[in-house]
Amino acid sequence: MDLNDLYRDVIVDHNRSPRNFRQIEPPRREADGFNPLCGDKLHVYLRISDDRIEDAAFEGSGCAISVASASMMTEFLKGKTEAEALDLFERMHELLTGEEADLDELASLGKLAALSGVRQYPTRVKCASLCWHTMKSALASGDAVSTE
Ligand code: ZN
């Protein structure tokens with residue numbers, strides 16, 4: 001089995017049984033993400049306590065790449081500080097759009113490295129990065145209090 005097969009298996013698995021596919025009750029931070037190129041729609045929820053992401057979850061529908069990326073992201077975010085989450089956003093951005101994959105960087109990202117395969121398919125990069133952009137705006141949203 002080569003690395004690409006392994007990556008494909010990780011994405012298939014997370015798409016078939018997405019982790020943390022649910023809501024988080026308030027107080028929470030949240031944001032909507034939409035990728036019109038593919039039709040992916042995600043809603044990301046975060047619960048933050050003492051500057052640490054206690055819980056991360058998402059809902060929505062989209063292609064296998066967008067769902068698998070969101071599923072892996074929620075697993076990876078738990079226990080991270082807000083600063084670490086933003087740092088991870090930058091690293092994923094680099095992984096998905098950068099010129100060359102750095103092998104040490106790939107290893108440190110664990111399963112998230114499976115998404116590095118999309119760099120060969122520019123239209124798929126938006127699918128893989130959608131949840132990360134949504135997570136970033138959820139972080140910036142503050143502890144939203146709905147007035148509706
Ligand atoms: Zn997509």
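None of the values given here were measured: they were computed from a predicted structure.

The subject of this paragraph is the environment of Glu90. Among the structural elements, Glu90 can be located in helix α3 (residues 82–97). Along the sequence, Glu90 and Trp132 sit 42 residues apart, while their C-alpha atoms lie 9.3 Å from each other.

Another aspect to go through is the packing of aromatic side chains. Throughout the structure, instances matching the rule amount to 1 aromatic pair. A cation over a ring is seen here: Lys41 above Phe34, with NZ or CZ 5.6 Å from the ring centre.

Our focus in this paragraph is the sheet that holds strand β2 (residues 40–49). With respect to topology, 3 strands assemble into an open sheet ordered β1-β2-β3, the strand pairing being antiparallel. Edge positions in the open sheet fall to β1 (29–35) and β3 (52–61), since each of these has one partner strand only. Neighbouring strand axes in the sheet, compared pairwise and without regard to direction, differ in orientation by 20 degrees on average. Judged from the 7 bridges that link them, β1 and β2 form a sheet pairing that is antiparallel.

With that settled, consider helix α2 (residues 64–77). Note on helix geometry: an α-helix contains 3.6 residues per turn, so any two residues three or four positions apart are oriented the same way. With 14 residues, α2 should cover 20 Å at 1.5 Å per step; its first-to-last C-alpha distance of 20 Å lies within 8% of that length. Inspection of α2 places Ile65, Ser66, Val67, Ala68, Ser69, Ala70, Ser71, Met72, Met73, Thr74 and Leu77 among the buried residues, and these make up the whole buried set. The first or second residue beyond α2 is Gly79, which carries a positive phi of 90 degrees.

For the chain, mean pLDDT is 90; residues scoring 70 or higher make up 94% of the total. Mean pLDDT across the elements of the chain bottoms out in helix α4 (residues 103–108) (83) and peaks in β3 (97).

All right, on to the coordination of the zinc ion then. Around the zinc ion, the protein contributes the donor atoms Cys38 (SG), Asp40 (OD), Asp40 (OD), Cys63 (SG) and Cys127 (SG), at 2.2 to 2.6 Å from the metal centre. Spacing between the donor residues of the zinc ion along the chain follows C-x1-D-x22-C-x63-C. Of this pair, Cys38 sits in the loop between β1 and β2 while Cys63 sits in the loop between β3 and α2; the two residues are 25 residues apart in sequence, bridging distant segments of the chain. With relative accessibility at 34%, the residue Cys38 sits in the partly exposed group.

Running from amino to carboxyl end, α2 crosses helix α5 (residues 122–140) at an angle of 35 degrees, the nearest separation of the two axes being 8 Å. Considering how the two elements wind past one another, α2 and α5 form a crossing that is right-handed. Together, Ile65, Ser66, Ser69, Ala70, Met73 and Leu77 of α2 and Arg124, Cys127, Ala128, Cys131, Trp132 and Met135 of α5 make up the contact between the two elements. When grouped by side-chain class, the residues that make up the contact of α2 with α5 number 9 nonpolar, 2 polar and 1 charged.

Thresholds applied
- Residues numbered from 1 in each chain as written.
- Predicted model: local features only at pLDDT ≥ 70, side-chain atom pairs only at ≥ 80, totals over all residues.
- Heavy atoms only, no water.
- Helix = DSSP H or I, 4+ residues; strand = E, 2+ residues; numbered from the N terminus.
- Phe/Tyr/Trp six-rings, centres within 6.5 Å; stacked < 30°, edge-to-face > 60°.
- Lys NZ or Arg CZ within 6 Å of the ring centre and 35° of its normal.
- Pairing = 2+ DSSP bridges.
- Axes fitted to C-alpha atoms, helices over the stretch in contact; angles between N-to-C directions.
- Expected span 1.5 Å × (residues − 1).
- Buried < 20%, exposed > 50% of the residue type's maximum accessible area, 1.4 Å probe, protein only.
- pLDDT = per-residue confidence, 0-100.
- Donors = N, O, S within 2.8 Å, 3.2 Å for Na, K, Ca; no water.
- Left-handed = near helix turned anticlockwise from the far one by under 90°.
- Contact = heavy atoms within 4.5 Å.
- Nonpolar A, V, L, I, M, F, W, Y, C, P; charged D, E, K, R; others polar.

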